[in-house]
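Each chain, written out:
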Amino acid sequence: QVQLVESGGGLVQAGGSLRLSCAASGNIFRINDMGWYRQAPGKQRELVAAITSGGGTDYADSVKGRFIISRDNAKNTGYLQMNSLKPEDTAVYYCNARITTTRSLVSYYWGQGTQVTVSS
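Residue indices begin from 1 for each chain and proceed along its sequence in written order. A pLDDT threshold of at least 70 governs which residues receive local features in this predicted model, and a stricter bar of 80 or more applies before side-chain atom pairs are shown or counted, although totals over entire chains, interfaces and linings include all residues. For side-chain calculations, the full set of non-hydrogen atoms in the structure is used, while hydrogens and water are omitted.

Caption draft 1: A look at the pattern of salt bridges. A carboxyl oxygen of Asp or Glu within 4 Å of a side-chain nitrogen of Lys or Arg is what we treat as a salt bridge. Taken as a whole and assessed by the stated rule, the structure comprises 5 salt bridges. Taking the shortest distance from any N to any O, the salt bridge between Asp89 and Arg38 comes out at 2.9 Å. One end of the pair, Asp89, is in the loop between strand 8 (77–82) and strand 9 (91–101); the other, Arg38, is in strand 4 (residues 28–39), and 51 residues separate them in sequence. With respect to burial, Asp89 and Arg38 carry one shared label: buried. With a closest N to O distance of 3.2 Å, Lys64 and Asp61 form a salt bridge. By relative accessible area, Lys64 is classed as partly exposed at 49%. Helix and strand assignments come from DSSP, with helices taken as H or I runs of at least 4 residues and strands as E runs of at least 2, each series counted from the N terminus. Think of it in three bands: with a 1.4 Å probe and only protein chains considered, a residue is buried below 20% of the maximum accessible area for its type, exposed above 50%, and partly exposed in between.

Caption draft 2: Main features of the environment of Arg71. Here Arg71 lies in strand 7 (residues 67–72). When its relative accessible area of 16% is taken as the criterion, Arg71 is described as buried. Residues Arg71 and Ile51 lie 20 residues apart in sequence; the distance between their C-alpha atoms is 7.9 Å. Should any heavy atoms of two residues lie within 4.5 Å, those residues are counted as being in contact. With sequence-adjacent residues up to four places away left out, Arg71 is seen in contact with Ile31, Asn32, Asp33, Met34, Ile51, Thr52, Ser53, Thr77, Gly78 and Tyr79. Of note is the side chain of Arg71, whose polar atom sits 3.0 Å from the backbone oxygen of Thr52. Under the rule applied, a polar contact is a pair of N or O atoms within 3.5 Å (in protein, one hydrogen donor and one hydrogen acceptor; residues adjacent in sequence only if both atoms are side-chain atoms).

Caption draft 3: Local environment of the packing of aromatic side chains. Ring pairs shown here join Phe, Tyr and Trp side chains whose ring centres sit within 6.5 Å, with only the six-membered ring taken for Trp; geometry is labelled stacked below 30 degrees between planes, edge-to-face above 60, and tilted in between. This structure, assessed with the given rule, holds 2 aromatic pairs. Centroid distance Tyr94 to Trp110: 6.4 Å. Interplanar angle 85°. Geometry classified as edge-to-face. Residue Tyr94 is located in strand 9, and its partner Trp110 is located in strand 10 (residues 106–110); the two are separated by 16 residues in the primary sequence. On the basis of relative accessibility, which here comes to 15%, the residue Tyr94 falls in the buried class. Linked through ring pairs, Tyr37, Tyr94 and Trp110 together constitute an aromatic cluster.

If you want it as structure tokens, here you go:
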């Protein structure tokens, strides 16, 4: 069994920063790709940033230059540093990871989400 738990969300003023964490636990052999998604009210869930097992990164155009995705493989944890936040960044942020379990099963897992609210 594998679990992803996000933390670090909250309320921040426009221009501020937050750092989200995604801790994976359970029967993990290897965490492959990781990604952060967000879903605002009335909108579809969208990919914000992704990082491969080798450290390659990709970002949505709307967050390039402001957000940084990273990971600590030793801690089975991913991070999303969010700077220069804007009200339009307000959403529930979800962590997603493609994980190989100790039984050699490969699946995608989601966290429960963490709310980020940016006030103007």
